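# Structure assessment
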Amino acid sequence: MWALRRASNQLRLRSLNVGISRVSFAKLEISEAESGVISDSSQASLERCLFNQTKNVCSNIFMGGRSLSSQAGAETSESDSEDDLEDGFSELESPADVDKIEVNNAPAGNEEELVSEPELSDDEDDDDDVVSQLEKADSGEKIQKRKTSELFQAILSANVPVSNVLDKWVEEGKTLDRSVISLAMFSLRKRRMYGKALQLSEWLETSKQLDFIERDYASRLDLISKVRGLQKAEQYLEKVPKSFREEVIYRTLLASCVSAGNLKKAEEVFNKMKDLEFPITVFACNQLLLLYKRLDKKKIANVLLLMEKESVKPSLFTYKILIDTKGQSNDLTGMDQIVETMKAEGIEPDVNTLAIMARHYVSGGLKDKAEAILKEMEGGNLKEHRWACKSLLPLYAQLGKVEEVGRVWKACESKPRIDECVAAIEAWGKVNKIDEAEAVFERMRTTWKKLNSKQYSALLKVYASHKMLTKGKELIKQMADSGCRIGPLTWDALVKLYVEAGEVEKADSMLQKAAQQNQMKPMFSSYMSIMDQYAKRGDIHNAEKIFHRMRQAGYVARQRQFQALVVTYINAKSPAYGIRDRMKADNIFPSKGLAGQLAQVDAFRKTAVSDLLD
C-alpha cells in the first residue's frame, strides 16, 4: 500500500536501539518480499516504534505487545481462524464505532437497537453494516425500543414487489418523508432483508420521491454490494454524481471490500481515499485491521505505524481487533499488555471485549483467569447486569460449568429475551444437555410466533454436534412447514449435520443444489467443513472441486483453503504440482506451519534417497 509504504519511508531516519532490536526484530518476521508493503527502511522504522519511550498510543501498543505480528508466521490450528464466521468474534464485524456515522439522538442505554445483529442470520457476510445507522440520522425523532414501521410492515406482509407496495402507499396519500423511509430502511436492514431494502432504495431514486444526498447513495452502494456483489457496487459508484462522491461513500465501498475479503481491492480503495485527500480516520484503519486479521496478520503492524504517523487515536474497536489477534496467536501475555495499554488510554473494556478475553483464556488453558473475567462481567448481580447473560452462557459452557449455565439461565428464565434463548440452547448443547436445549427451544417457539433461521439453527447445530441426524432432519421439516426462510445459515448447520454423521457426499450435493436453486452464496465455513473431510480422505478430485466452487461463489482465496488443499495432497501421498505458484498468484504467503506442509508435497524436493538414486 502506497500510504503505508510512505509511513515506513518517512520513519527511516529515526534512531534505534541496536542492542535490543537485533534480538526482538526477528519476532516480527516482516519483510517487503512477504508483505509487499514494508520498505527497505522497515527494520529501523519498526525498531524505533517498538523501543522508543514516547507516550504515543500506537507505540505503547507495540511496546506492550512487543509485536502484533510476532505470531504471524506461527503455525495455527485448523480452528484458528482465517474464517471469522466460526471464531465467535462476530462483534468485530459489527463495530459500534462507525465514526461520526452513528446516530447521535439515540436514547441512552439503547445502543443495541441502533445496529444490525452482529451475528449472521440468513446472510453469508458478517461484516459491519456501515450504513445501517445512516437510515435514522435525519429522522428527527428518538428511536423507541419497540417502535415498528408501518411502511416496513406493509412491505413485509405484501407478497408483491416492493415497488407495488410503494406505488399503492403514495396513491393512498400516506406520508412518505425521510423519517418514514429511514425507519423502514432501518427495519429492513436490521432483519437482513437486503434485497427488499435495495428495491426500496431503487424505487426512491427512480421515482424522485426523495432528494438523494451522500448517505443515500452510500446506503444504495452498500446494498448493491450485499445483494449483487462488489463489482456491481463499483459500477454504481461511477454513476453517483461527482458532488456526492465524498468520504462516506468511499468508506462504504472500503467496508464492502473488507466484507468480500478482497484485500487487493480494499487497499486500492484506501489509496484512492488517500489520493482524494480524505482524512485518514480510525474507521478506515479499523477496516484494514479487520481485513489483515483475517488474511495477512503481518500487515497489522503497518496499519499501526500509519495510525501513529497520522495521529489517529485507536478506538475500542481497534483494541478489540488487536486483543483478538493476540488471543488467536495464543500470545495471552501480549493480549494482557494490550488491555493494560487500552485502560491506560482511558478506554475500559466492554462486555464484548471481556467475552473475547475470556474465550481466549479458556482456549489457552487459563481457566482461573477466564472465571475471574466472567465474574467481572456479572458484576455481582446478574439482574443488574442482565445484558451480560447472552455472553456468559456459552462461556460457562465452554468451561464445562453445567451448574453455572443453569444459574445464569435461571436469571433469564422468567422473562427471557430471544438472544438469551439462542445462547442458552448453544450452551446446553455444549455441556451435553440435549433435553434442556430442546426445552429452551420449545419455550422460544411458543413465546414468539415466528422464528427465523438463526433461532432454528441454534438447535440444529446442537443436533449436528451430537450426530443426531434424524432429529436434525425433523427440525428442518418443521422449519419448512412454519414458512421460515431457509438460507445460508441453515445450510451451514445442515452441512455440519451430515458431515458429523459421516455423509460428506450428501452434504456436498445438498449445498450445491441449495445454492443453485436459491441463487444465494453459501457460507465460507460450509465449504470448508466439506473440504476438510475430503482432505482427511486424501480425495484430491473433490477437494479441488470445492476449492473451485468457492472461487465461483466469489470467495477470494485464503491461506485456510490452501492449507486444506495441501493436507489433501499429503494424505493422498501425491505431489502438488504448481501449488506454490497458485498461492503466489493469489498473493498468499504461507505461515511457518504451511511452509512445512508445502515441503512435503514438493514434487522436486531432494531427500537422502533421491540423492543416492540420482
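Check the entry above for the structure.
Now for a look at the structure at hand. Since this is a predicted model, take the numbers as computed values, not measurements. Sequence order sets the numbering: in each chain, residues are counted from 1 along the sequence as written. Where local features are concerned, this predicted model is filtered to residues with pLDDT of at least 70; where side-chain atom pairs are given and counted, the filter is 80 or more; whole-chain, interface and lining totals use all residues. Each side-chain value is derived from all of the structure's non-hydrogen atoms; neither hydrogens nor water enter the calculation.

### Some words on the pattern of salt bridges
Salt bridge, as used here: a side-chain nitrogen of Lys or Arg that lies within 4 Å of a carboxyl oxygen of Asp or Glu. In this structure the tally under the stated criterion is 36 salt bridges. Arg228 is paired through a salt bridge with Glu202; the nearest N and O atoms lie 2.9 Å apart. Here Arg228, found in helix α10 (residues 214–228), pairs with Glu202, found in helix α9 (residues 194–207); they are 26 residues apart in sequence, far enough to count as distant. When the shortest N-O distance is used, the salt bridge between Asp419 and Lys390 registers 3.4 Å. Of the two residues, Asp419 is situated in helix α22 (residues 418–430) and Lys390 in helix α20 (residues 389–398); the sequence distance between them amounts to 29 residues. Using a relative accessible area of 29% as the deciding quantity, one classes Asp419 as partly exposed. Overlapping salt bridges, with partners in common, bring together Lys375, Glu378, Glu404 and Arg407 in one network. A helix here means a DSSP run of H or I that spans at least four residues, while a strand means a run of E at least two residues long, and both kinds are numbered starting from the N terminus. Buried means the residue's accessible area, taken with a 1.4 Å probe over protein chains only, is under 20% of the maximum for its type, while exposed means over 50%, and partly exposed covers the values in between.

### A few points about unusual backbone geometry
Even without a glycine there, the phi angle at Asn432 is positive, about 65 degrees. For Asn432, the position within the fold is in the loop between α22 and α23 (434–447). Even without being a glycine, Lys467 presents a positive backbone phi close to 55 degrees. For Lys467, a relative accessible area of 55% gives the class exposed.

### Focus on the packing of aromatic side chains
Each aromatic pair joins two rings of Phe, Tyr and Trp (for Trp, the six-membered one) with centres within 6.5 Å, and gets the label stacked for planes under 30 degrees apart, edge-to-face for over 60, and tilted for any other angle. All told, the structure shown has seven aromatic pairs when counted by the stated rule. Aromatic side chains Tyr527 and Tyr555 sit 6.2 Å apart centroid to centroid with 80 degrees between the ring planes, which places their arrangement in the edge-to-face category. Residue Tyr527 is located in helix α28 (residues 524–537), and its partner Tyr555 is located in the loop between α29 (540–553) and α30 (559–571); the two are separated by 28 residues in the primary sequence. Since its relative accessible area comes to 5%, Tyr555 is described here as buried. Put simply, the rings of Phe212, Tyr217 and Phe244 touch in pairs and so form one group of aromatic residues. A ring is considered to have a charge above it if a Lys NZ or an Arg CZ atom is located within 6 Å of its centre and within 35 degrees of its normal. Sitting over the ring of Tyr194, Lys226 keeps its end group 5.3 Å from the ring centre.

### With respect to the nonpolar core
Among buried residues, the Ala, Val, Leu, Ile, Met, Phe, Trp, Tyr and Cys ones that are joined through side-chain atoms within 4.5 Å form a nonpolar core. Of all hydrophobic cores here, the largest spans 158 residues; its most connected members are Ile323, Met377, Ile425 and Ile530. Of the residues forming this core, the biggest block, nine residues, is contributed by helix α14 (residues 282–295). Note on contacts: a residue pair qualifies if any of its non-hydrogen atoms lie within 4.5 Å across the two residues. Among all residues touching Met377, those that are not within four sequence positions of it are Val351, Leu354, Ala355, His385, Ala388, Ser391, Leu392 and Leu395.

### Re the packing of helix α8 (residues 178–190) against α9
Two quantities define a packed helix pair, namely the angle between the helix axes and the distance between the axes. Interaxial distance between α8 and α9 falls to 8 Å at its minimum, and their mutual angle equals 155 degrees. The orientation of α8 with respect to α9, classified from their angle, is roughly antiparallel. Crossing of α8 against α9: the hand is left-handed. Touching Ile181, Ala184, Met185, Leu188 and Arg189 of α8 are Tyr194, Lys196, Ala197, Leu200, Ser201 and Leu204, all from α9. Looking at the contact of α8 with α9, its residues break down into eight nonpolar, one polar and two charged. Lines fitted to the C-alpha atoms define the axes, with helices restricted to the stretch that makes contact. Angles between their N-to-C directions range from 0 to 180 degrees. These descriptions rest on fixed angle ranges, namely under 35 degrees for roughly parallel, over 145 for roughly antiparallel, 65 to 115 for roughly perpendicular, and the rest for oblique. Here a crossing is taken to be left-handed if its near helix is turned anticlockwise relative to the far helix by less than a right angle, and right-handed if that turn runs clockwise. Note on residue categories: nonpolar means Ala, Val, Leu, Ile, Met, Phe, Trp, Tyr, Cys or Pro, charged means Asp, Glu, Lys or Arg, and polar means any other residue, Gly included.

### A word on the environment of Gly487
Inspection of the secondary structure puts Gly487 in the loop between α25 (469–481) and α26 (488–500). Among the residues examined, Gly487 registers a relative accessible area of 0% and is labelled buried. For the pair Gly487 and Asn518, spaced 31 residues apart in sequence, the C-alpha to C-alpha distance is 8.2 Å.

### Some thoughts on the packing of helix α24 (residues 453–465) against α26
Between α24 and α26, whose axes approach to 9 Å, the crossing angle comes to 10 degrees. As judged from the angle between their axes, α24 and α26 are roughly parallel. In this structure, α24 contributes Ser453, Lys454, Ser457, Leu460, Lys461, Tyr463 and Ala464 to the contact, and α26 contributes Leu489, Thr490, Ala493, Leu494, Lys496, Leu497 and Glu500. Taken together, the residues of the contact of α24 with α26 break down into seven nonpolar, three polar and four charged.

### Let's talk about the environment of Ser179
With respect to the helices and strands, the residue Ser179 is situated in helix α8. In the analysis that follows, any N or O atom pair within 3.5 Å is treated as a polar contact, provided that within protein one partner can donate a hydrogen and the other can accept it, and provided that, for residues neighboring in sequence, both atoms belong to side chains. Reaching out from Ser179, the side chain makes a polar contact with the side chain of Asp177 at a distance of 2.8 Å.

### Observations regarding α22
Every helix has an expected span of 1.5 Å times one less than the residues it contains. In this model, α22 (13 residues) spans 19 Å end to end at C-alpha, consistent with the 18 Å of a helix rising 1.5 Å per residue. Among the residues of α22, those classed as buried are Glu420, Cys421, Val422, Ala423, Ala424, Ile425, Ala427, Trp428 and Gly429. In this fold, the buried residues of α22 make contact with α20, α21 (402–413), α23 and α24. Remark: Asn432 follows α22 within two positions and exhibits a positive phi of approximately 65 degrees.

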